Amino acid sequence: MFNFLVTASDGAWSLPGYEFSRSRFLEYTSDEIATSFRELKAPQIDALKELPCLFAYEGTDEPMRVGKLKSIKQRDGGRLLFIQPELDQRIPPIPFERIKPLQAALDIRAWELNRTHWAIKDGNLFEVLALAGIALHGVESSKIEKGDLPPASSPELQANSVDSFI
């Protein structure tokens, strides 16, 4: 699994931090994976920080970068997610022309590169890149798979009847 982060802000991945609207988190993510991350508590944040990241810009002009997330913080009552990206300097920028043939293998869907969002993809980023001949210089894959995901949080309040709901 890996994080796929897309932004329209030029140079965003070189800055010390970036904010995503919470409403853009989990777009283009399978329901099975999204269920585990709808509530962001410590286990979910820890899991996200363990996953490798593919950082992209909207469109097809800019190269993509590989890295990790150093930190994830919720702001403004959870409406914003502030992340600190950490680009892996051992892996050079990957031109879109090298990623384009890998889009299906990486689950990068149609129109996805035209919208700022943060998706979690079910696939082995490093395996796909290595099979395509992209040098990874000793970088190891994440050990987190779907079976390792934090369980979905139960709602704090459950209504068992119309009266309790009201």
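Check the entry above for the structure.
All of these numbers come straight from a predicted model, not from anything done at the bench. Along each chain, the written sequence defines residue order, and numbers are assigned to residues from 1. Only residues with pLDDT of at least 70 get local features here, since the model is predicted, and only at 80 or more are side-chain atom pairs given and counted; chain-wide, interface and lining totals rely on the full set of residues. Think of the side-chain values as coming from all heavy atoms in the structure, minus any hydrogens and water.

Elements are defined by DSSP. Helices are runs of H or I of four residues or more, strands are runs of E of two residues or more, and each kind is numbered from the N terminus. Along the chain, asparagine 3 falls in strand β1 (residues 2–7). Here the side chain of asparagine 3 touches leucine 48 through a polar contact of 3.0 Å, landing on its backbone oxygen. Any two residues whose heavy atoms approach within 4.5 Å are treated as being in contact. Not counting the four nearest positions on each side in its chain, asparagine 3 is found in contact with Leu48, Leu51, Pro52, Cys53, Leu54, Leu69, Trp118, Ala119 and Ile120. Polar contacts, as used here, are pairs of N or O atoms within 3.5 Å; protein pairs need one atom able to donate a hydrogen and one able to accept it. Residues neighboring in sequence count only if both atoms are side-chain atoms.

With that settled, the discussion passes to the pattern of salt bridges. Every case where a carboxyl oxygen of Asp or Glu lies within 4 Å of a side-chain nitrogen of Lys or Arg is listed as a salt bridge. Within this structure, the stated rule accounts for eight salt bridges. A salt bridge links glutamate 27 to arginine 115, with the nearest nitrogen and oxygen atoms 2.7 Å apart. One end of the pair, glutamate 27, is in the loop between β2 (18–21) and α1 (31–37); the other, arginine 115, is in the loop between α3 (96–99) and β6 (117–121), and 88 residues separate them in sequence. A 1.4 Å probe rolled over the protein chains alone gives each residue an accessible area, and that area as a share of the maximum for its type sets the label: buried under 20%, exposed over 50%, partly exposed in between. Residue class for glutamate 27 comes out buried when judged on its relative accessible area of 16%. For arginine 115, a relative accessible area of 29% gives the class partly exposed.

A few words on the packing of aromatic side chains. The pairing test for Phe, Tyr and Trp rings, Trp by its six-membered ring, is centres within 6.5 Å, and the orientation test on the planes gives stacked under 30 degrees, edge-to-face over 60, and tilted for anything in between. All chains considered together, the criterion is met by seven aromatic pairs. Between tyrosine 18 and phenylalanine 20, the aromatic rings sit 4.9 Å apart at their centres with planes inclined by 75 degrees, giving edge-to-face as the arrangement. By relative accessible area, which is 1% here, phenylalanine 20 ends up buried. Here phenylalanine 25 and tryptophan 118 contribute two aromatic rings whose centre-to-centre distance is 4.7 Å and whose plane-to-plane angle is 70 degrees, an arrangement assigned as edge-to-face. Placement of the pair is phenylalanine 25 in the loop between β2 and α1 and tryptophan 118 in strand β6, with a sequence separation of 93 residues. The class of phenylalanine 25 is buried, set by a relative accessible area of 5%. Residue classification places tryptophan 118 among the buried positions, given a relative accessible area of 0%.

This paragraph deals with the sheet that holds strand β5 (residues 80–87). Ordered in space as β2-β5-β4-β3-β1-β6, the six strands form an open sheet in which the pairing is mixed. The open sheet has two free edges, formed respectively by β2 and β6, since each of these has just one partner strand. Going from strand to strand, the sheet's axes swing by 40 degrees on average, the running direction of each strand aside. For two strands to be treated as a pair, DSSP must find no fewer than two bridges joining them. Strand direction decides the pairing type here: β1 and strand β3 (residues 53–57), joined by five bridges, are parallel. Each bridged residue has a counterpart across the sheet, and for threonine 7 the counterpart in β3 is tyrosine 57. This element, helix α2 (residues 42–50), spans β1, β4 (65–75) and β6 of the sheet and lies at about 160 degrees to β4. Fitted lines through C-alpha atoms give the axes, limited to the stretch in contact for helices. The angle between two N-to-C directions lies from 0 to 180 degrees.

Among the structural elements, leucine 81 can be located in strand β5. The spacing of leucine 81 and phenylalanine 25 is 56 residues in sequence and 8.5 Å in space, taken between C-alpha atoms. Apart from residues lying up to four places away in sequence, leucine 81 is in contact with Tyr18, Glu19, Phe20, Arg22, Phe25, Leu40, Lys73, Gln74 and Trp118.

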